[in-house]
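The lines below spell out each chain.
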Amino acid sequence: MIGALNHIAIAVPNLDEAMEKYAGPLGAKVGKPKDLIEHGVTVVFIDLPNTKIELISPLGKNSPILSFMKKNPAGGIHHICYEVESISNAISKLTKDGAMILGDSKPKIGAHGNPVIFLHPKDFNGTLIELEEVKS
Ligand code: CO
């Protein structure tokens, strides 16, 4: 069901500093920050030849990544995102297989304007997984 790796998300305490590190020492092509109010994060994408890195930092007092930042004050890998052809097919398959979809099990619109869901890390070896519907 899953296709290409769309991105790896790294949570960072300071977005500007992280962007400078990627643009400077690592010499990467860093995009512009975007507030995702519904997800409680500010994101910046970094384009690599074969995938993307998503730098995320908390936005607002109820940001879902605040507890992660408390456990990982210097930042860390937060989730990985795989592409799927159909988010609704993915939801029905995962629900049937007993996997836990975070939130209300309904897709939200993600950073690229596509529907996304998140799967509970306890079902997948301690890794938070995002699935994004990407039409090929
Ligand atoms: Co993501």
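In what follows, the structure referred to is the one given above.
Residues numbered from 1 in each chain as written. Predicted model: local features only at pLDDT ≥ 70, side-chain atom pairs only at ≥ 80, totals over all residues. Heavy atoms only, no water.

A. Representation of the overall build of the protein within the structure. A tally of regular secondary structure across the protein gives three helices and nine strands. Written out in order from the N terminus, the α and β elements of the protein read β-α-β-β-β-β-α-β-α-β-β-β. C-alpha atoms of the protein, sized along the principal axes, occupy 45 × 35 × 25 Å. Counting all 136 residues of the protein, 40% fall into the buried class. Within the protein, contacts between residues at least 6 apart in sequence are counted, and of these 55% link residues at least 24 apart. On the protein, roughly 7900 Å² of surface is accessible, and the fraction owed to carbon and sulfur atoms is 56%. Put simply, the protein has 14 plus and 15 minus side-chain charges, and the middle of one group is 4 Å from the middle of the other. (Helix = DSSP H or I, 4+ residues; strand = E, 2+ residues; numbered from the N terminus. Buried < 20%, exposed > 50% of the residue type's maximum accessible area, 1.4 Å probe, protein only. Contact = heavy atoms within 4.5 Å. Areas by Shrake-Rupley, 256 points an atom, 1.4 Å probe, with all protein chains shown as cover. Lys, Arg positive; Asp, Glu negative; His and termini not counted. Charge placed at Lys NZ, Arg CZ, Asp CG, Glu CD.)

B. Inspection of the coordination of the cobalt ion at higher detail. Distances from the cobalt ion to its protein donors, namely His7 (NE2), Glu54 (OE), His79 (NE2) and Glu130 (OE), fall within the range 2.1 to 2.4 Å. The coordination sphere of the cobalt ion comprises four donor atoms, whose angles at the metal cover 84 to 172°; the geometry is irregular. Positions of the donor residues of the cobalt ion, expressed as sequence spacing, correspond to H-x46-E-x24-H-x50-E. Remark: Glu54 occurs in strand β5 (residues 52-58) and His7 occurs in strand β1 (residues 5-11); sequence separation between them is 47 residues. Among the residues examined, Glu54 registers a relative accessible area of 4% and is labelled buried. (Donors = N, O, S within 2.8 Å, 3.2 Å for Na, K, Ca; no water. Tetrahedral: all angles 85-135°; square planar, octahedral: opposite > 155°, others 65-115°.)

C. Region of the structure containing the environment of His78. Relative to the assigned elements, His78 resides in strand β6 (residues 76-84). Residue class for His78 comes out buried when judged on its relative accessible area of 15%. Apart from residues no more than four positions distant in its own chain, His78 is found in contact with Ala9, Ile10, Ala11, Ile56, Ile65, Phe68 and Leu128.

D. Quick peek at the pattern of salt bridges. Within the structure shown, the criterion is met by three salt bridges. Two residues, Asp97 and Lys93, come together in a salt bridge whose shortest N-O distance is 2.9 Å. With relative accessibility at 42%, the residue Lys93 sits in the partly exposed group. A salt bridge links Lys122 to Asp123, with the nearest nitrogen and oxygen atoms 3.3 Å apart. Residue classification places Lys122 among the exposed positions, given a relative accessible area of 56%. Among the residues examined, Asp123 registers a relative accessible area of 26% and is labelled partly exposed. (Salt bridge = Lys/Arg side-chain N within 4 Å of Asp/Glu carboxyl O.)

E. Seen up close, the nonpolar core. By size, the foremost hydrophobic cluster in this structure holds 12 residues: Ile80, Val84, Ile87, Ala90, Ile91, Leu94, Ala99, Ile101, Ile117, Leu119, Ile129 and Leu131. When contributions to this core are tallied by element, the ones reaching two or more residues are β6, α3 (87-96), β8 (115-119) and β9 (129-133). Per-element accounting of this core gives the leading share, four residues, to α3. Apart from residues no more than four positions distant in its own chain, Ala90 is found in contact with Met1, Val84 and Leu131. (Core = buried A, V, L, I, M, F, W, Y, C linked by side-chain atoms within 4.5 Å.)

F. Representation of the pairing of strand β4 (residues 41-47) within the structure. Burial runs high along β4: six of the seven residues are buried. Judged from the two bridges that link them, strand β2 (residues 29-30) and β4 form a sheet pairing that is antiparallel. By the bridge assignment for β4, Val30 is matched with Ile46. Across three bridges, strand β3 (residues 34-36) lies against β4 in antiparallel orientation. Each bridged residue has a counterpart across the sheet, and for Leu36 the counterpart in β4 is Val41. Between the antiparallel neighbours β3 and β4 lie four residues, among them Gly40 with a positive phi of about 65°. One ladder, built from seven bridges, connects β4 with β5; its direction is antiparallel. Across the sheet, the residue bridging to Thr42 is Ser57, located in β5. Turn length for the β4-β5 hairpin, with the two strands adjacent in sequence and antiparallel, is four residues. (Pairing = 2+ DSSP bridges.)

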